[in-house]
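Architecture at a glance
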Amino acid sequence: MLEIEKRIKWLQNKVKEANADGLAVAISGGVDSAVTAALAKKAFPNNTFGIFIGINSSTNAKRNYLRTINFLNIEDKSIDLTDSFENLVKNIFEIEDKYASLETYEEYEKTGNAPIDKSYLDLDNLNQIKGNIKARLRMIAIYAHAQKLNYLVLETSNLSEMIIGYYTKWGDGVGDIAPISDLYKSEVKKMAKELNIPEMIINSSPSADLWEGQTDEEELGFTYDELEKYNKNEKINKKSVEKIEEIINKNNHKKDGVYKYKDVK
């Protein structure tokens, strides 16, 4: 049950309960954010804000963002945080080792110079780490704009992603209200067609645009269709089952936000 009209009414009620004035959504160029923005537009025709937060973003993401904005005709801003991101990564991973020894620190006091430890830049999973930094930086930006407008922030995760924890903790997995979190990817696409979302957006390869050439299904190692079948207890190949269950176990901590001591049995 897609229940578009019920979702629109629900969004309106939640905004009213929060004494907010509208809804803000980060538009990534994918179908999930496009559908979420379309629902917001129907709920608040004059009080929906879309933002594209570019950080080394792909051309496809930028084009689909513009397609979404042009289709929905909502207030929007496009900001580029590439320089901020690069500086942040540099500050995090190129570490001044001024406290390496007493001699090093005394030299630093005299000259203001210290050796730089760049070993973190050789990490095997650096792309993934930087991708998560991107997601969290984007969330800082959307919340800043939402606070300025007194809007609630819409989360764009679908049920397929929620079940396996395929989102960045404190990044794209954060929001005030989640209107499509009960829909599988196939259902999101179906809703997109009912909302007349442009086909080029619906048919784009799902991607969080976290690094060059990144796609969701390639990173996961299985398709959204396989994931949906797994959750419906339908048969899929053994390798995909093992990968899905591995990811679920790895990401369980995301579902509760944080493990608390009282969880110990």
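Residues numbered from 1 in each chain as written. Predicted model: local features only at pLDDT ≥ 70, side-chain atom pairs only at ≥ 80, totals over all residues. Heavy atoms only, no water.

**Concerning the packing of aromatic side chains**
For the structure on display, the rule yields 4 aromatic pairs. Arranged with centres 5.8 Å apart and planes meeting at 35°, the rings of phenylalanine 93 and tyrosine 120 form a pair that is tilted. Within this pair, whereas phenylalanine 93 is found in helix α4 (residues 82-93), its partner tyrosine 120 is found in the loop between β5 (116-117) and α6 (126-149), the two being separated by 27 residues in sequence. Taking relative accessible area as the criterion, tyrosine 120 reaches 37% and is therefore assigned partly exposed. By the ring-pair criterion, three or more aromatic residues cluster together here, those being Tyr99, Tyr105 and Tyr108. Above the face of the tyrosine 167 ring, lysine 254 is positioned so that its terminal group lies 5.4 Å from the ring centre. (Phe/Tyr/Trp six-rings, centres within 6.5 Å; stacked < 30°, edge-to-face > 60°. Helix = DSSP H or I, 4+ residues; strand = E, 2+ residues; numbered from the N terminus. Buried < 20%, exposed > 50% of the residue type's maximum accessible area, 1.4 Å probe, protein only. Lys NZ or Arg CZ within 6 Å of the ring centre and 35° of its normal.)

**Details of the environment of asparagine 64**
By the secondary structure assignment, asparagine 64 is in helix α3 (residues 59-72). Judged by relative accessible area, which is 1%, asparagine 64 ranks as buried. Along the chain, asparagine 64 and methionine 200 lie 136 residues apart, while their C-alpha atoms are 7.7 Å from each other. Setting aside anything within four residues of it in sequence, one finds asparagine 64 in contact with Gly29, Met200, Ile201 and Ser204. (Contact = heavy atoms within 4.5 Å.)

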